[in-house]
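# Overview (structure and organization)
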Amino acid sequence: MERISKYQLGAMIILFQIGSTPLFELGIKAGQDAWLVVITSMLLGFMLLFLFLMIQRREPEKNLSQLLIQYFGSFVGKFVLLLYLLMFSYEAMRNVRDFGDLTLLTILPRGPISLIMLIMLTLSIYAIYKGIEVFFRLAEFIVVGVLAFYLILLIMHFISGVVHFDYLLPILENGIQPVLKESISSTVWFPFGQMMIFLMFWRYLNEKKELVKTSVRSFFVSGLVILFSNIMNLIVLGPQLLNISTVPLLQAVQLIQIAEVFERFDAFVILLFYAGIFIKATLWFLAAVLGLSQLFQTDYRRFALPVGVIIFITSLLPSSWQSHLEIGRIVAEQFMVNKIFIGVIPAILFLVMLIKGQGKQIKG
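The present account deals with the structure reproduced in this document. The structure displayed is predicted, hence computed values, not measured ones.

### A short note on the packing of aromatic side chains
Applying the stated criterion to the full structure yields 20 aromatic pairs. Ring geometry for Phe 198 versus Phe 201: centroids 6.5 Å apart, planes at 65°, classification edge-to-face. The pair Phe 198 / Phe 201 is uniform in exposure class, with both members buried. Joined through ring pairs, the aromatic side chains of Phe 16, Tyr 84, Phe 88, Phe 135, Phe 136, Phe 198, Phe 201, Trp 202, Phe 278, Trp 284 and Phe 341 make up one cluster. When the ring centre of Tyr 204 is taken as reference, the NZ or CZ atom of Arg 203 above it lies at 5.1 Å.

### Side note on the environment of Pro 191
Relative to the elements of secondary structure, Pro 191 occurs in the loop between helix H7 (177-187) and helix H8 (211-237). Of the residues examined, Pro 191 reaches a relative accessible area of 0% and is grouped as buried. Between the alpha carbons of Pro 191 and Gln 17 there is a distance of 6.1 Å; along the sequence they are 174 residues apart. Once residues lying within four places of it in the same chain are set aside, the contact partners of Pro 191 are Gln 17, Thr 21, Leu 26, Ile 226 and Lys 280.

### Details of the side chain of Ser 20
With respect to the helices and strands, Ser 20 occurs in the loop between helix H1 (6-18) and helix H2 (34-58). Look at Ser 20 and you get buried, because its relative accessible area is 3%. A distance of 3.4 Å separates the side chain of Ser 20 from the side chain of Asn 95, its partner in a polar contact. Beyond its immediate chain neighbours, meaning those up to four positions away, Ser 20 contacts Asn 95, Asp 98, Phe 190, Ile 277 and Lys 280.

### A look at the pattern of salt bridges
Under the criterion given, the structure shown has 9 salt bridges. With a closest N to O distance of 3.9 Å, Glu 2 and Arg 301 form a salt bridge. Of this pair, Glu 2 sits in the segment before H1 while Arg 301 sits in the loop between helix H11 (266-296) and helix H12 (304-315); the two residues are 299 residues apart in sequence, bridging distant segments of the chain. In this structure, Glu 333 engages Arg 329 in a salt bridge whose closest nitrogen and oxygen atoms are separated by 3.3 Å. Pair noted here: Glu 333 and Arg 329 are both in helix H13 (residues 321-334), with a separation of 4 residues, about one helical turn. Salt bridges linked by common partners bring Glu 2, Asp 299 and Arg 301 together as one network.

### Observations concerning unusual backbone geometry
What you tend to see is this: most non-glycine residues have negative phi, and most peptide bonds are trans. In this chain, Leu 169 is followed by Pro 170 through a cis amide linkage whose omega measures -5°. The topology assignment puts Pro 170 in the loop between helix H6 (132-159) and H7. Between Phe 190 and Pro 191 the backbone carries a cis peptide bond, its omega angle lying at 10°. If you check the backbone angles, Leu 172 has positive phi at about 55° while not being a glycine.

### Quick word on the nonpolar core
Counting 134 residues, the largest nonpolar core has Tyr 84, Phe 88, Phe 198, Phe 201 and Trp 202 as the members making the most contacts within it. Setting aside chain neighbours within four positions, we find Phe 198 in contact with Leu 9, Met 12, Ile 13, Phe 16 and Leu 283.

### Examining the packing of H2 against H7
Running from N to C, H2 and H7 point in directions that differ by 55°, and their axes come no closer than 9 Å. Regarding the angle of H2 to H7, the classification is oblique. As for how H2 packs across H7, the hand of that crossing is right-handed. The residues of H7 that touch H2, namely those facing Leu 36, Val 37, Thr 40, Ser 41 and Leu 44, are Val 179, Leu 180, Glu 182, Ser 183, Ile 184 and Thr 187.

Calculation notes
- Every chain's residues receive numbers from 1 upward, in the order its sequence appears when written.
- The predicted nature of this model means local features are confined to residues of pLDDT at least 70 and side-chain atom pairs, given and counted, to a pLDDT of 80 or more, with totals for whole chains, interfaces and linings taken over all residues.
- In computing side-chain values, all of the structure's heavy atoms are included and hydrogens and water are not.
- We call Phe, Tyr and Trp rings a pair once their centres come within 6.5 Å, taking the six-membered ring for Trp, and we label the pair stacked below 30 degrees between planes, edge-to-face above 60, and tilted otherwise.
- Throughout this description, buried means an accessible area under 20% of the type-specific maximum (1.4 Å probe, protein chains only), exposed means over 50%, and partly exposed covers the range between.
- We call a charge positioned above a ring when the Lys NZ or Arg CZ atom is no farther than 6 Å from the ring centre and deviates by at most 35 degrees from the ring normal.
- The helix count covers DSSP runs of H or I at least four residues long, the strand count covers runs of E at least two residues long, and both are numbered beginning at the N terminus.
- Residue contacts follow a heavy-atom distance rule, with two residues in contact if any of their heavy atoms lie within 4.5 Å.
- Side-chain atoms alone can form a polar contact between residues adjacent in sequence; in general such a contact is a pair of N or O atoms within 3.5 Å, and within protein one must be able to donate a hydrogen while the other accepts it.
- Criterion for a salt bridge: a side-chain nitrogen of Lys or Arg within 4 Å of a carboxyl oxygen of Asp or Glu.
- Definition of nonpolar core: a set of buried residues of the types Ala, Val, Leu, Ile, Met, Phe, Trp, Tyr and Cys, connected through side-chain atoms within 4.5 Å.
- With axes taken as lines fitted to C-alpha atoms, and helix axes fitted only over the stretch in contact, angles between N-to-C directions fall between 0 and 180 degrees.
- Comment on the angle field: the value is read as roughly parallel under 35 degrees, roughly antiparallel over 145, roughly perpendicular from 65 to 115, and oblique elsewhere.
- Helix crossings fall into two classes, left-handed where the near helix is turned counterclockwise from the far one by less than a right angle and right-handed where it is turned clockwise.

Spelled out as C-alpha coordinates, the structure:
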(Lines give C-alpha, C1' and ligand atoms only; values in the text may rest on other atoms or scores of the structure.)
Protein backbone atom coordinates (compact mmCIF):
# COMPACT_ATOMS: atom_id res chain seq x y z
CA MET A 1 0.00 0.00 0.00
CA GLU A 2 1.15 3.52 -0.75
CA ARG A 3 2.35 5.58 2.22
CA ILE A 4 2.81 9.28 2.98
CA SER A 5 4.88 11.04 5.63
CA LYS A 6 3.59 13.42 8.27
CA TYR A 7 5.25 16.32 6.44
CA GLN A 8 3.49 15.45 3.20
CA LEU A 9 0.16 15.15 5.01
CA GLY A 10 0.68 18.50 6.73
CA ALA A 11 1.58 20.20 3.47
CA MET A 12 -1.47 18.76 1.73
CA ILE A 13 -3.81 19.88 4.52
CA ILE A 14 -2.43 23.43 4.36
CA LEU A 15 -2.68 23.69 0.59
CA PHE A 16 -6.10 22.05 0.45
CA GLN A 17 -7.56 24.30 3.14
CA ILE A 18 -6.21 27.44 1.48
CA GLY A 19 -7.15 26.12 -1.97
CA SER A 20 -9.61 28.40 -3.72
CA THR A 21 -10.57 30.19 -0.48
CA PRO A 22 -8.66 33.45 -1.23
CA LEU A 23 -10.89 33.89 -4.29
CA PHE A 24 -13.68 34.86 -1.91
CA GLU A 25 -14.09 37.11 1.11
CA LEU A 26 -15.43 34.78 3.77
CA GLY A 27 -18.18 36.12 6.00
CA ILE A 28 -18.56 39.42 4.15
CA LYS A 29 -22.31 39.44 4.90
CA ALA A 30 -21.24 40.35 8.44
CA GLY A 31 -19.54 43.50 7.09
CA GLN A 32 -16.46 44.66 8.93
CA ASP A 33 -16.87 41.71 11.30
CA ALA A 34 -16.03 39.22 8.54
CA TRP A 35 -12.72 38.44 10.24
CA LEU A 36 -14.62 37.44 13.38
CA VAL A 37 -16.66 35.08 11.23
CA VAL A 38 -13.44 33.40 10.12
CA ILE A 39 -12.22 32.99 13.72
CA THR A 40 -15.57 31.61 14.87
CA SER A 41 -15.77 29.26 11.90
CA MET A 42 -12.23 28.05 12.52
CA LEU A 43 -13.10 27.11 16.10
CA LEU A 44 -16.31 25.37 15.02
CA GLY A 45 -14.37 23.68 12.24
CA PHE A 46 -11.92 22.39 14.80
CA MET A 47 -14.82 20.61 16.52
CA LEU A 48 -15.62 18.91 13.22
CA LEU A 49 -11.95 18.04 12.77
CA PHE A 50 -11.97 16.46 16.23
CA LEU A 51 -14.92 14.30 15.15
CA PHE A 52 -13.13 13.19 11.97
CA LEU A 53 -9.96 12.37 13.88
CA MET A 54 -11.88 10.31 16.44
CA ILE A 55 -13.38 8.29 13.61
CA GLN A 56 -9.98 7.67 12.04
CA ARG A 57 -8.27 6.83 15.32
CA ARG A 58 -10.67 3.97 15.89
CA GLU A 59 -9.89 2.44 12.49
CA PRO A 60 -6.42 3.72 11.53
CA GLU A 61 -5.97 1.41 8.53
CA LYS A 62 -9.33 2.10 6.87
CA ASN A 63 -10.65 5.04 4.90
CA LEU A 64 -14.15 6.51 4.71
CA SER A 65 -15.20 4.14 1.91
CA GLN A 66 -14.37 1.05 3.95
CA LEU A 67 -15.86 2.47 7.14
CA LEU A 68 -19.21 3.24 5.53
CA ILE A 69 -19.52 -0.29 4.17
CA GLN A 70 -18.33 -1.93 7.40
CA TYR A 71 -20.55 -0.02 9.82
CA PHE A 72 -23.63 0.79 7.71
CA GLY A 73 -23.79 -2.60 6.03
CA SER A 74 -23.12 -3.56 2.44
CA PHE A 75 -26.25 -2.12 0.82
CA VAL A 76 -26.70 1.10 2.84
CA GLY A 77 -22.95 1.66 3.09
CA LYS A 78 -22.41 1.40 -0.65
CA PHE A 79 -25.37 3.68 -1.32
CA VAL A 80 -24.06 6.35 1.07
CA LEU A 81 -20.58 5.92 -0.41
CA LEU A 82 -21.99 6.50 -3.88
CA LEU A 83 -23.53 9.75 -2.68
CA TYR A 84 -20.16 10.78 -1.26
CA LEU A 85 -18.50 10.02 -4.59
CA LEU A 86 -21.00 12.29 -6.33
CA MET A 87 -20.18 14.99 -3.80
CA PHE A 88 -16.43 14.56 -4.29
CA SER A 89 -16.83 14.77 -8.07
CA TYR A 90 -19.07 17.81 -7.72
CA GLU A 91 -16.49 19.61 -5.56
CA ALA A 92 -13.76 18.72 -8.07
CA MET A 93 -15.95 20.17 -10.83
CA ARG A 94 -16.45 23.40 -8.90
CA ASN A 95 -12.72 23.89 -8.51
CA VAL A 96 -12.07 23.11 -12.17
CA ARG A 97 -14.66 25.73 -13.09
CA ASP A 98 -13.05 28.19 -10.64
CA PHE A 99 -9.79 27.63 -12.49
CA GLY A 100 -11.40 28.34 -15.86
CA ASP A 101 -13.33 31.42 -14.75
CA LEU A 102 -10.33 32.86 -12.90
CA THR A 103 -8.25 32.57 -16.07
CA LEU A 104 -10.91 34.36 -18.11
CA LEU A 105 -11.29 37.09 -15.49
CA THR A 106 -7.59 37.79 -15.28
CA ILE A 107 -5.11 36.81 -17.99
CA LEU A 108 -7.08 35.34 -20.92
CA PRO A 109 -10.43 37.17 -21.17
CA ARG A 110 -11.05 35.84 -24.69
CA GLY A 111 -9.61 32.39 -24.17
CA PRO A 112 -11.68 29.22 -24.65
CA ILE A 113 -12.72 28.13 -21.16
CA SER A 114 -13.17 24.54 -22.30
CA LEU A 115 -9.51 24.30 -23.35
CA ILE A 116 -8.32 25.97 -20.16
CA MET A 117 -10.22 23.52 -17.96
CA LEU A 118 -9.15 20.59 -20.12
CA ILE A 119 -5.50 21.46 -19.56
CA MET A 120 -5.99 21.51 -15.81
CA LEU A 121 -7.93 18.25 -15.79
CA THR A 122 -5.22 16.61 -17.87
CA LEU A 123 -2.67 17.59 -15.22
CA SER A 124 -4.95 16.22 -12.50
CA ILE A 125 -5.39 12.92 -14.31
CA TYR A 126 -1.64 12.68 -14.77
CA ALA A 127 -1.11 13.32 -11.04
CA ILE A 128 -3.60 10.58 -10.16
CA TYR A 129 -1.90 8.12 -12.50
CA LYS A 130 1.43 8.85 -10.80
CA GLY A 131 -0.12 7.84 -7.47
CA ILE A 132 -0.96 9.14 -4.02
CA GLU A 133 2.64 9.27 -2.81
CA VAL A 134 3.81 11.39 -5.73
CA PHE A 135 0.88 13.79 -5.44
CA PHE A 136 1.42 14.33 -1.71
CA ARG A 137 5.14 14.77 -2.36
CA LEU A 138 4.26 17.59 -4.77
CA ALA A 139 2.35 19.35 -1.97
CA GLU A 140 5.39 19.03 0.29
CA PHE A 141 7.54 20.60 -2.41
CA ILE A 142 5.42 23.71 -3.03
CA VAL A 143 3.91 24.48 0.38
CA VAL A 144 6.88 26.52 1.62
CA GLY A 145 6.78 28.76 -1.45
CA VAL A 146 3.04 29.33 -1.11
CA LEU A 147 3.27 30.25 2.58
CA ALA A 148 6.30 32.48 1.99
CA PHE A 149 4.57 34.42 -0.75
CA TYR A 150 1.46 35.02 1.36
CA LEU A 151 3.75 36.40 4.07
CA ILE A 152 5.50 38.65 1.54
CA LEU A 153 2.16 39.99 0.34
CA LEU A 154 1.15 40.77 3.92
CA ILE A 155 4.37 42.69 4.56
CA MET A 156 4.23 44.59 1.27
CA HIS A 157 0.70 45.80 1.95
CA PHE A 158 1.94 47.44 5.14
CA ILE A 159 5.04 48.89 3.48
CA SER A 160 3.00 50.39 0.65
CA GLY A 161 0.76 52.19 3.14
CA VAL A 162 -2.60 51.08 1.77
CA VAL A 163 -3.98 49.60 5.01
CA HIS A 164 -6.75 51.31 6.98
CA PHE A 165 -7.50 49.68 10.32
CA ASP A 166 -10.54 51.91 10.77
CA TYR A 167 -12.28 49.71 8.17
CA LEU A 168 -12.55 47.10 10.95
CA LEU A 169 -14.55 49.47 13.17
CA PRO A 170 -16.98 49.42 14.85
CA ILE A 171 -16.49 45.85 16.05
CA LEU A 172 -19.73 43.89 16.53
CA GLU A 173 -21.79 46.92 15.53
CA ASN A 174 -24.85 44.68 15.05
CA GLY A 175 -24.01 42.28 17.87
CA ILE A 176 -22.74 38.73 17.78
CA GLN A 177 -25.76 37.26 15.96
CA PRO A 178 -24.68 38.12 12.36
CA VAL A 179 -21.25 36.60 13.05
CA LEU A 180 -22.68 33.36 14.41
CA LYS A 181 -25.30 33.14 11.65
CA GLU A 182 -22.74 33.54 8.89
CA SER A 183 -20.35 31.11 10.55
CA ILE A 184 -22.87 28.34 11.10
CA SER A 185 -24.68 28.76 7.78
CA SER A 186 -21.70 28.71 5.44
CA THR A 187 -18.13 29.49 6.51
CA VAL A 188 -17.68 26.60 8.93
CA TRP A 189 -18.47 24.18 6.09
CA PHE A 190 -16.31 25.96 3.52
CA PRO A 191 -13.42 25.70 3.91
CA PHE A 192 -12.92 24.33 7.44
CA GLY A 193 -15.43 21.48 7.42
CA GLN A 194 -14.00 20.16 4.18
CA MET A 195 -11.25 18.54 6.26
CA MET A 196 -13.66 15.60 6.09
CA ILE A 197 -11.99 14.59 2.82
CA PHE A 198 -8.90 13.44 4.73
CA LEU A 199 -10.92 10.50 6.05
CA MET A 200 -10.08 9.14 2.59
CA PHE A 201 -6.32 9.69 3.03
CA TRP A 202 -5.32 9.47 6.70
CA ARG A 203 -4.96 5.68 6.44
CA TYR A 204 -1.93 6.18 4.19
CA LEU A 205 0.03 8.00 6.91
CA ASN A 206 3.08 5.92 7.80
CA GLU A 207 3.40 7.42 11.31
CA LYS A 208 -0.02 6.88 12.82
CA LYS A 209 0.95 8.39 16.18
CA GLU A 210 1.53 11.72 14.43
CA LEU A 211 -1.98 11.80 12.94
CA VAL A 212 -3.60 14.18 15.43
CA LYS A 213 -0.65 16.53 15.96
CA THR A 214 0.06 16.92 12.26
CA SER A 215 -3.57 17.43 11.30
CA VAL A 216 -4.33 19.94 14.06
CA ARG A 217 -1.18 21.99 13.49
CA SER A 218 -1.71 22.12 9.73
CA PHE A 219 -5.38 23.01 10.22
CA PHE A 220 -4.49 26.05 12.29
CA VAL A 221 -1.61 27.12 10.03
CA SER A 222 -3.94 27.17 7.02
CA GLY A 223 -6.63 28.83 9.15
CA LEU A 224 -4.25 31.65 10.09
CA VAL A 225 -3.33 32.20 6.44
CA ILE A 226 -7.02 32.43 5.56
CA LEU A 227 -7.66 34.76 8.50
CA PHE A 228 -4.79 37.14 7.66
CA SER A 229 -5.79 37.15 4.00
CA ASN A 230 -9.34 37.99 5.02
CA ILE A 231 -8.24 40.79 7.34
CA MET A 232 -5.86 42.18 4.74
CA ASN A 233 -8.65 42.44 2.18
CA LEU A 234 -10.81 44.22 4.75
CA ILE A 235 -8.26 46.82 5.83
CA VAL A 236 -7.18 47.54 2.25
CA LEU A 237 -10.48 47.59 0.37
CA GLY A 238 -13.09 48.05 3.08
CA PRO A 239 -16.31 46.05 3.56
CA GLN A 240 -18.37 48.05 1.05
CA LEU A 241 -15.99 47.42 -1.85
CA LEU A 242 -15.41 43.82 -0.79
CA ASN A 243 -19.14 43.16 -0.93
CA ILE A 244 -19.12 43.77 -4.69
CA SER A 245 -15.58 42.61 -5.46
CA THR A 246 -15.11 39.69 -7.86
CA VAL A 247 -11.65 38.55 -6.69
CA PRO A 248 -10.87 40.51 -3.50
CA LEU A 249 -7.25 39.47 -2.93
CA LEU A 250 -6.32 40.27 -6.50
CA GLN A 251 -7.83 43.76 -6.26
CA ALA A 252 -6.04 44.36 -2.96
CA VAL A 253 -2.69 43.32 -4.42
CA GLN A 254 -3.13 45.68 -7.37
CA LEU A 255 -2.86 48.59 -4.91
CA ILE A 256 0.66 47.60 -3.83
CA GLN A 257 3.22 50.13 -5.03
CA ILE A 258 6.60 50.59 -3.38
CA ALA A 259 9.03 53.24 -4.68
CA GLU A 260 7.41 52.91 -8.13
CA VAL A 261 9.45 49.74 -8.56
CA PHE A 262 7.64 46.94 -6.72
CA GLU A 263 4.18 46.75 -8.18
CA ARG A 264 1.91 44.66 -10.40
CA PHE A 265 2.05 41.41 -8.46
CA ASP A 266 -1.10 40.17 -10.17
CA ALA A 267 0.66 37.36 -12.02
CA PHE A 268 2.20 35.97 -8.82
CA VAL A 269 -1.15 36.04 -7.03
CA ILE A 270 -2.78 34.21 -9.92
CA LEU A 271 -0.06 31.55 -9.67
CA LEU A 272 -0.92 31.20 -5.97
CA PHE A 273 -4.56 30.73 -6.91
CA TYR A 274 -3.63 28.17 -9.56
CA ALA A 275 -1.53 26.14 -7.11
CA GLY A 276 -4.29 26.08 -4.50
CA ILE A 277 -7.09 25.29 -6.94
CA PHE A 278 -5.09 22.54 -8.65
CA ILE A 279 -4.29 20.84 -5.33
CA LYS A 280 -7.87 21.09 -4.11
CA ALA A 281 -9.49 19.94 -7.35
CA THR A 282 -7.12 17.01 -7.71
CA LEU A 283 -7.60 15.87 -4.11
CA TRP A 284 -11.41 15.85 -4.52
CA PHE A 285 -10.92 14.03 -7.83
CA LEU A 286 -8.58 11.49 -6.22
CA ALA A 287 -11.04 10.89 -3.37
CA ALA A 288 -13.76 10.10 -5.91
CA VAL A 289 -11.69 7.51 -7.79
CA LEU A 290 -10.48 5.95 -4.53
CA GLY A 291 -14.09 5.46 -3.50
CA LEU A 292 -14.93 3.87 -6.84
CA SER A 293 -11.99 1.51 -6.48
CA GLN A 294 -13.47 0.38 -3.15
CA LEU A 295 -16.86 -0.23 -4.76
CA PHE A 296 -15.47 -2.24 -7.67
CA GLN A 297 -12.40 -3.72 -5.93
CA THR A 298 -9.93 -2.61 -8.56
CA ASP A 299 -7.09 -0.11 -9.03
CA TYR A 300 -8.22 3.49 -8.60
CA ARG A 301 -6.21 4.68 -11.61
CA ARG A 302 -8.66 2.93 -13.95
CA PHE A 303 -11.35 5.44 -13.02
CA ALA A 304 -9.25 8.58 -13.53
CA LEU A 305 -10.14 9.09 -17.18
CA PRO A 306 -13.91 8.32 -17.08
CA VAL A 307 -14.44 10.39 -13.93
CA GLY A 308 -12.33 13.17 -15.46
CA VAL A 309 -14.59 13.19 -18.52
CA ILE A 310 -17.68 13.54 -16.31
CA ILE A 311 -16.07 16.37 -14.31
CA PHE A 312 -15.11 18.15 -17.53
CA ILE A 313 -18.60 17.90 -19.06
CA THR A 314 -20.37 19.09 -15.91
CA SER A 315 -17.91 21.98 -15.48
CA LEU A 316 -19.17 23.36 -18.79
CA LEU A 317 -22.80 23.51 -17.64
CA PRO A 318 -22.79 26.88 -15.77
CA SER A 319 -23.26 29.65 -18.30
CA SER A 320 -21.17 32.20 -16.39
CA TRP A 321 -19.15 32.88 -13.24
CA GLN A 322 -22.23 34.27 -11.50
CA SER A 323 -24.28 31.25 -12.52
CA HIS A 324 -21.54 29.00 -11.18
CA LEU A 325 -21.59 30.80 -7.82
CA GLU A 326 -25.39 30.69 -7.65
CA ILE A 327 -25.45 26.95 -8.28
CA GLY A 328 -22.95 26.49 -5.47
CA ARG A 329 -25.10 28.57 -3.11
CA ILE A 330 -28.25 26.59 -3.94
CA VAL A 331 -26.52 23.22 -3.49
CA ALA A 332 -24.93 24.26 -0.19
CA GLU A 333 -27.87 26.10 1.38
CA GLN A 334 -31.10 24.72 -0.07
CA PHE A 335 -30.01 21.10 -0.48
CA MET A 336 -27.79 21.31 2.64
CA VAL A 337 -25.15 19.09 1.00
CA ASN A 338 -22.32 20.34 3.19
CA LYS A 339 -24.24 19.97 6.44
CA ILE A 340 -25.37 16.46 5.59
CA PHE A 341 -22.10 15.03 4.25
CA ILE A 342 -19.69 16.94 6.50
CA GLY A 343 -21.69 17.07 9.73
CA VAL A 344 -24.61 14.65 9.93
CA ILE A 345 -23.30 11.46 8.31
CA PRO A 346 -19.87 11.50 10.02
CA ALA A 347 -21.61 12.06 13.37
CA ILE A 348 -23.92 9.09 12.74
CA LEU A 349 -20.96 6.98 11.63
CA PHE A 350 -19.08 7.77 14.83
CA LEU A 351 -22.10 6.89 16.97
CA VAL A 352 -22.48 3.56 15.16
CA MET A 353 -18.79 2.87 15.70
CA LEU A 354 -19.18 3.55 19.41
CA ILE A 355 -22.27 1.34 19.67
CA LYS A 356 -20.67 -1.56 17.84
CA GLY A 357 -17.48 -1.06 19.85
CA GLN A 358 -15.23 -2.21 17.02
CA GLY A 359 -11.89 -0.89 15.97
CA LYS A 360 -8.65 -0.36 17.85
CA GLN A 361 -7.97 3.19 18.83
CA ILE A 362 -4.44 4.41 18.21
CA LYS A 363 -2.52 6.54 20.69
CA GLY A 364 -0.90 9.88 20.01
